[in-house]
Number of protein chains: 2
Amino acid sequence: MKSEKITSLSGGHEGKQRRSYDDACGAAHALDLVGERWALLVMRELFWGPKRFSDIRAGLPGISANVLTQRLEGLEEAGIVTRRKLPPPASMQVYELTEWGRESEPIFQALGRWAVRSPKHDPSMPLSTSSFLLSLRTMIDAKRAKGLKARIGLCLAEETFMAVLEGGEITIKPGPLKKPDLTLTGEARMLAGAVYGGQLAALEAGGQISVEGDKALAERFVTLFPLPAKAG
Amino acid sequence: MKSEKITSLSGGHEGKQRRSYDDACGAAHALDLVGERWALLVMRELFWGPKRFSDIRAGLPGISANVLTQRLEGLEEAGIVTRRKLPPPASMQVYELTEWGRESEPIFQALGRWAVRSPKHDPSMPLSTSSFLLSLRTMIDAKRAKGLKARIGLCLAEETFMAVLEGGEITIKPGPLKKPDLTLTGEARMLAGAVYGGQLAALEAGGQISVEGDKALAERFVTLFPLPAKAG
DNA sequence: CTGTATCCGTGTTGATACTG
DNA sequence: CAGTATCAACACGGATACAG
């Protein structure tokens, strides 16, 4: 009878045992931490600030409540997510990434850069706000963006973000931006169509997105995110 | 009755249906492709050249034959792995990564760099040859290695690899190296102890690894791979 | 010897309904 | 809104049997 390959990652704590790869390889350990179904996507939804249970769920069509509960517990146990109760007036619970959790961004970038080259990738599926913002930071071409300095407001589904272009990088924070050079408004999928599908003019004409401010900047902005060639 | 969220990724082909996240996000698509248990680790085992079924299994303690068969089928279907039959004399089947499959290396690097900072990472577990080689390319500090040019033979568990240090990078290929500056021999876990645990001298003295050639180079080599600080 | 297929016990996942 | 309970379907891992 062989040993059961069930190593407790919870350190003595009498909670449920987790399946482990029992492998010293860093990548294998990463999968022990975030390799379960939905785990990485839950983290993705938390990248741009704390969220409530239901708001996380809204960005993850298909996840069920019990699975989200389990993933949040697991991520909290691993030190990737913390849960916080806002002070009494609002008195509600939110989840947010720890600092280390936020430092997982390169994982998403590597996954995204590689997978969009898949012959099977279908960009017409639903896209959450969080995914879209992450994709901008993933796909920006530093060479093309170098020398461009701009402050851009992004309004997606009732949420507002400030994007700052500088030194070939784009940084994004939640919240409104004062006196932006440009404001883009629309659903994530539509803005993705403008940025990745070259449909800026058509989508604006069709009213699916709105472009306020420096139109020339908008035209240039959407050229900064080239998609890599498909594999195969 | 809701739709079943079972989207065929196999395009009309009447094979098994796969569970999909139905999400345009690149990272989500990556998980559709390689998010199943063991999939990434199977890829890891194929990074340094074609392997047979049993050799893959040897690097993955805990995987069962039927699961490995399923993963290889899935990876082949996704265009990540191909199966090839060697010509009649040897007449056996091997699996290898496609070019696109090999380009997934940054995913392993991002996962590894992030996860070794986990408070729960235990480097004393088994380590496959493939993992160790991948870790060298992941952890090398370009600044420290810059200006160092060397050819190093690595002999791990009956397999030989050639590592070439140049321009702050290390490239690794299977096969023996003619007239290396240095040859390191030992099990992956022991060599890892030398490189990451600062145990070069002790392990050599204990006979667990052997160092042939330029000893000063060996001393310097093991300082090129600093581990990042733990999180939390 | 190298894989593949099938059976089976168990654990994980997900849809629905339900509770504080 | 934020989860819990329940149950059915599926995936996993072990064993074994089979095919080239």
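Procedures and definitions
Residues numbered from 1 in each chain as written. Chains lettered and ligands numbered in written order. Predicted model: local features only at pLDDT ≥ 70, side-chain atom pairs only at ≥ 80, totals over all residues. Heavy atoms only, no water. Helix = DSSP H or I, 4+ residues; strand = E, 2+ residues; numbered from the N terminus. Buried < 20%, exposed > 50% of the residue type's maximum accessible area, 1.4 Å probe, protein only. Contact = heavy atoms within 4.5 Å. Areas by Shrake-Rupley, 256 points an atom, 1.4 Å probe, with all protein chains shown as cover. Lys, Arg positive; Asp, Glu negative; His and termini not counted. Charge placed at Lys NZ, Arg CZ, Asp CG, Glu CD. Least-squares fit on C-alpha atoms with pLDDT ≥ 70 in both. Near = heavy atom within 4 Å. Polar contact = N/O pair within 3.5 Å; in protein donor to acceptor, adjacent residues only side chain to side chain. Pairing = 2+ DSSP bridges. Axes fitted to C-alpha atoms, helices over the stretch in contact; angles between N-to-C directions. Salt bridge = Lys/Arg side-chain N within 4 Å of Asp/Glu carboxyl O.

### Side note on the overall build of chain A
Stage number 1. If you tally the helices and strands in chain A, you get 11 helices and seven strands.
Stage number 2. In terms of its C-alpha atoms, chain A occupies a principal-axis envelope of roughly 70 × 55 × 30 Å.
Stage number 3. Buried positions account for 48% of the 232 residues belonging to chain A.
Stage number 4. When contacts within chain A are restricted to residue pairs at least 6 apart in sequence, long-range pairs at least 24 apart make up 57% of them.
Stage number 5. Of the accessible surface of chain A, which amounts to about 11400 Å², a share of 52% is contributed by carbon and sulfur atoms.
Stage number 6. Placing the 31 positive and 27 negative side-chain charges of chain A at their respective mean positions leaves the two points 2 Å apart.

### Focus: the relation of the copies chain A and chain B
For these two chain copies, the linking operation is a rotation about an axis paired with a shift along it.
Stage number 1. Its rotation angle being 180 degrees, the transformation that places chain A on chain B also includes 0.0 Å of axial translation and leaves an RMSD of 0.0 Å. Here the two chains are linked by the operation of a two-fold rotation axis. Taking C-alpha positions as the reference, the residue of chain A nearest the rotation axis is Ile107(A), at 3.1 Å.
Stage number 2. The residues that chain A uses at the interface reappear at the interface of chain B in 96% of cases, marking a shared surface.

### Digging into the protein's contact with DNA strand C
Stage number 1. What surrounds DNA strand C is a group of 19 residues, the closest being Arg37(A), Asn66(A), Arg71(A), Phe53(B) and Arg83(B).
Stage number 2. Across the atoms of DNA strand C situated within 4 Å of the protein, the share located in sugar and phosphate is 70%.
Stage number 3. With respect to DNA strand C, the side chain of Trp38(A) contributes an N or O atom lying 2.9 Å from a phosphate oxygen.
Stage number 4. In the environment of DNA strand C, a phosphate oxygen lies 2.8 Å from a nitrogen or oxygen atom belonging to the side chain of Arg71(A).

### Quick word on the sheet that holds strand β4 (residues 159-166) of chain B
Residue and element names in this part refer to chain B.
Stage number 1. Taken in spatial order, the five strands line up as β5-β4-β3-β6-β7 in an open sheet, and their pairing is mixed. Edge positions in the sheet fall to β5 (169-174) and β7 (209-213), since each of these pairs with one other strand and no more. Neighbouring strand axes in the sheet, compared pairwise and without regard to direction, differ in orientation by 20 degrees on average.
Stage number 2. Bridge count between β4 and β5: six bridges; the pairing is antiparallel. Bridge pairing links Met-162 to Lys-173 in β5.

### Digging into the pattern of salt bridges
Stage number 1. Following the criterion strictly, the structure yields 24 salt bridges over all chains and no others.
Stage number 2. Between Glu77(A) and Lys120(B) there is a salt bridge, and its shortest N-O distance comes to 2.8 Å. Linking Glu77(A) in helix α4 (residues 65-77) with Lys120(B) in the loop between α6 (105-115) and α7 (129-139), this pair reaches from one chain into another.
Stage number 3. Using a relative accessible area of 36% as the deciding quantity, one classes Glu77(A) as partly exposed.
Stage number 4. In this structure, Arg83(B) engages Glu76(B) in a salt bridge whose closest nitrogen and oxygen atoms are separated by 2.8 Å.
Stage number 5. Judged by relative accessible area, which is 31%, Glu76(B) ranks as partly exposed.
Stage number 6. One network of salt bridges, with partners in common, ties together Asp23(A), Arg44(B), Glu45(B) and Lys51(B).

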